[in-house]
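A closer look at the structure
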Amino acid sequence: MSADQILSVECHPVAPRWIFIRLETQQGLVGWGEAIVPKRARAVAGAVADLADNIVGCDPDRIEELALRMRNGGFFRDGSVLAAASAGIEQALWDIKGHRYGLPIYEFLGGAVRDRTRLYAWIGGDRPSGVVEHVHQRIDQGFTMVKMNATEELDFIETRARVSEVIDRVGSIRDAVGDKVEIALDFHGRVHRAMVKVLIRELEPFHLAWIEEPVAPGYESELVHLISPDCSIPIATGERLTHRTEFRRLLQQGVVDIIQPDVSLTGIFELAKIGHMAEAYDVAVAPHCPNGPISLAASLQVGFAASNVVVQEQSVGLHYNQGYAGLPAAEMFDYLSDPAPLTPLDGHLALTTGPGLGITVNEAAVKDSRPWSLRDPDWRHADGRTAEW
C-alpha cells in the first residue's frame, strides 16, 4: 500500500475521435488511460466525472479494489459507457503503478513471453473500396496481415449481385497479391443470419484469417446454429463485450476460435483475465484496438505477457483518422513525445521497456487538440429502412 492518494481525474477528448484520461496523484505521479465509445463522448466524459467523485482521495496502488468499485459500486452497472470510463481510469492507475516502481505493466502480469507482437492493418474503409491499391500500400509498409469490412449495408435477404460484390472484392486481393498477406474479413454485425450462411460458404475458398463479428451483439447465442461444424474459416468476435461473464458464455458455446476484447472496455487486468480464461478453451486472442496510442499501449502490455495473443489491431493509417465524418484528422504519433515505442517495424511492435504503458504522452498536444463531436451514421436500405452500419 502506498502513502499516495488520487488527486484528480480529467477527461480530454482529442482529435480525431479519441478520449484520453489523465490521472494525477498527490505525490505528482501522472498516468494516462483511454476510453472509447466516441459517438457517446459526452456521456463517457460524464461517467468519468461520476467515477472520479468516488475514487479521488483513494490509494492509487489498490487497482483491483478501485476497478471493482467502479464496476459494482453503483446499483446500475455494466454497459459500454460505464465500461469505457472505468477501463480508461484503470489503465491510468496501472500507468502510475509502473512509474512508481519503475517497471513496465507486463512485469506485474507475469513478465514477458515474447520479444515482439505482430500487427495487422486496416484497408478499404467503412464502405470498402480501393482494396487492391490499399493492400499494396500495407505490404510496402511491412504488414503481412490486413483486415477489411466485408460489405456495405446488407439486407436480411440480399440479391446475388450484392453477395458477388463481397466475393469479388476478396478475390481481387487474392488475384493481386496471392498469399503475401492474410486477410481478415469483418462482418461488423451488419450481416443478418440468412446471409451469414451464404457468405461463409462462398468465402471458404479464400482461406481467410478469420470472419469477425458474424452477428450483431446480443445474437451470439445464434452462432452455434449458424456456423457449420465443418466450417474451415476461424470465427472471431467479442469487441463489444466488457467482462469475463460475457466471454464465458461465448467460450462455452465452442464456436468461436478467436476472441477480441478491447482494453478500453475491459481495462488491463480484466483483459488479462479474459485471455487466461480463453486459454482453458484453446482459444486465441486478437485484441480489438482501432483506437488511439494509449489504448494500443495498454493492449500491448497485456499481449506481451499472454502467449495466446496472436496478433494486435492498430490504427495507423485507419480511415477514421483521416478526417472521417468531418472530424479533424490526427494520428497516434501526434500525441507522443517519442513515437518509437509504437512505430511498426516489419509489421511488428517490439517489446517496450519503459515504465508503465511504455509511452510518454505529449500533454501540450493533448491540450491543443481541436474539439470534435461525432454523430451516429444513418445508414439506410433502398426502401428507407434503417440498416446496420
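None of these values were measured; they are calculated from a predicted model. (Residues numbered from 1 in each chain as written. Predicted model: local features only at pLDDT ≥ 70, side-chain atom pairs only at ≥ 80, totals over all residues. Heavy atoms only, no water.)

Some words on the packing of helix α6 (residues 160–177) against helix α7 (residues 193–203)
It is the contact of α6 with α7, at a shortest axis distance of 10 Å, that shows an interaxial angle of 35 degrees. Pair α6 / α7 crosses with right-handed handedness. Within the contact between the two elements, α6 uses Arg160, Val163, Val166, Ile167 and Val170 and α7 uses Met195, Val198, Leu199, Glu202 and Leu203. Class assignment for the residues of the contact of α6 with α7 results in eight nonpolar, no polar and two charged. (Axes fitted to C-alpha atoms, helices over the stretch in contact; angles between N-to-C directions. Helix = DSSP H or I, 4+ residues; strand = E, 2+ residues; numbered from the N terminus. Left-handed = near helix turned anticlockwise from the far one by under 90°. Contact = heavy atoms within 4.5 Å. Nonpolar A, V, L, I, M, F, W, Y, C, P; charged D, E, K, R; others polar.)

Section: the pairing of strand β2 (residues 18–25)
The buried fraction of β2 amounts to seven of the eight residues, a majority that puts the element mostly inside the structure. With eight bridges joining them, strand β1 (residues 6–14) and β2 adopt antiparallel strand pairing. What sits directly across from Ile6, in β2, is Thr25. Bridging between β2 and strand β3 (residues 30–35) involves six bridges; their strand directions are antiparallel. Bridged to Ile19 within β3 is Ala35. Hairpin connection, β2 to β3: the antiparallel pair is bridged by four residues, and Gly28 has positive phi, about 90 degrees. (Buried < 20%, exposed > 50% of the residue type's maximum accessible area, 1.4 Å probe, protein only. Pairing = 2+ DSSP bridges.)

Details of the environment of Ala340
Within the fold, Ala340 resides in the loop between β11 (312–313) and β12 (348–350). Spatially, the C-alpha atoms of Ala340 and Val311 are 19 Å apart, while their sequence positions differ by 29 residues.

Comments concerning the nonpolar core
Counting 71 residues, the largest nonpolar core has Val9, Ile89, Ile268 and Tyr335 as its most contacted members. Looking at this core element by element, the count peaks at eight residues for helix α3 (residues 80–101). Excluding residues within four positions of it along the chain, Tyr335 makes contact with Val14, Ala15, Trp18, Phe20, Ala330, Thr360, Val361, Asn362, Ala365, Val366 and Ser369. Counting 46 residues, the second largest nonpolar core, distinct from the first, contains Ile123, Phe187, Ile233 and Ile235. (Core = buried A, V, L, I, M, F, W, Y, C linked by side-chain atoms within 4.5 Å.)

Observations concerning the packing of aromatic side chains
This model, assessed by the stated rule, comprises nine aromatic pairs. Centroid distance Trp18 to Phe20: 6.4 Å. Interplanar angle 15 degrees. Geometry classified as stacked. Just as Trp18 is buried, Phe20 falls in that class too. A centroid spacing of 5.5 Å and a plane angle of 85 degrees characterise the contact between Phe20 and Tyr335, whose relative ring orientation is edge-to-face. Placement of Phe20 in strand β2 and of Tyr335 in the loop between β11 and β12 is noted, with a sequence separation of 315 residues between them. In this pair, the class of Phe20 matches that of Tyr335, namely buried. Following the ring pairs from residue to residue traces out a cluster consisting of Trp94, Tyr101, Phe108 and Phe269. Above the face of the Phe108 ring, Lys97 is positioned so that its terminal group lies 6.0 Å from the ring centre. A cation over a ring is seen here: Arg127 above Trp379, with NZ or CZ 4.0 Å from the ring centre. (Phe/Tyr/Trp six-rings, centres within 6.5 Å; stacked < 30°, edge-to-face > 60°. Lys NZ or Arg CZ within 6 Å of the ring centre and 35° of its normal.)

Side note on helix α9 (residues 244–253)
Three or more residues of α9 are buried, namely Phe247, Leu250 and Leu251. All buried residues of α9 lie within an arc of 95 degrees about the axis, which places them on one face of the element. Next to the buried residues of α9 lie α8 (223–226), β8 (235–237), β9 (258–259) and α11 (268–279). (Arc of directions from axis to C-beta.)

Points about the pattern of salt bridges
Going through the model one piece at a time under the given rule, you end up with 24 salt bridges. Taking the shortest distance from any N to any O, the salt bridge between Arg118 and Glu182 comes out at 2.8 Å. With Arg118 in strand β4 (residues 116–122) and Glu182 in strand β6 (residues 182–186), the pair connects residues that are 64 residues apart, well separated along the chain. Since its relative accessible area comes to 21%, Arg118 is described here as partly exposed. Judged by its relative accessible area of 35%, Glu182 falls in the partly exposed class. (Salt bridge = Lys/Arg side-chain N within 4 Å of Asp/Glu carboxyl O.)

Describing the side chain of Asp262
As for its placement among the helices and strands, Asp262 is situated in the loop between β9 and α10 (263–266). The side chain of Asp262 is buried and forms no salt bridge, while Arg17, the nearest opposite charge, is found at 8.3 Å. Of the polar contacts made by the side chain of Asp262, one reaches the backbone nitrogen of Ser264; its length is 2.8 Å. Residues in contact with Asp262, not counting those within four places in the same chain, are Ile36, Glu239, His288, Cys289, Pro290, Asn291 and Ser295. (Lys, Arg positive; Asp, Glu negative; His and termini not counted. Polar contact = N/O pair within 3.5 Å; in protein donor to acceptor, adjacent residues only side chain to side chain.)

Any functional reading would require information beyond the geometric quantities listed.
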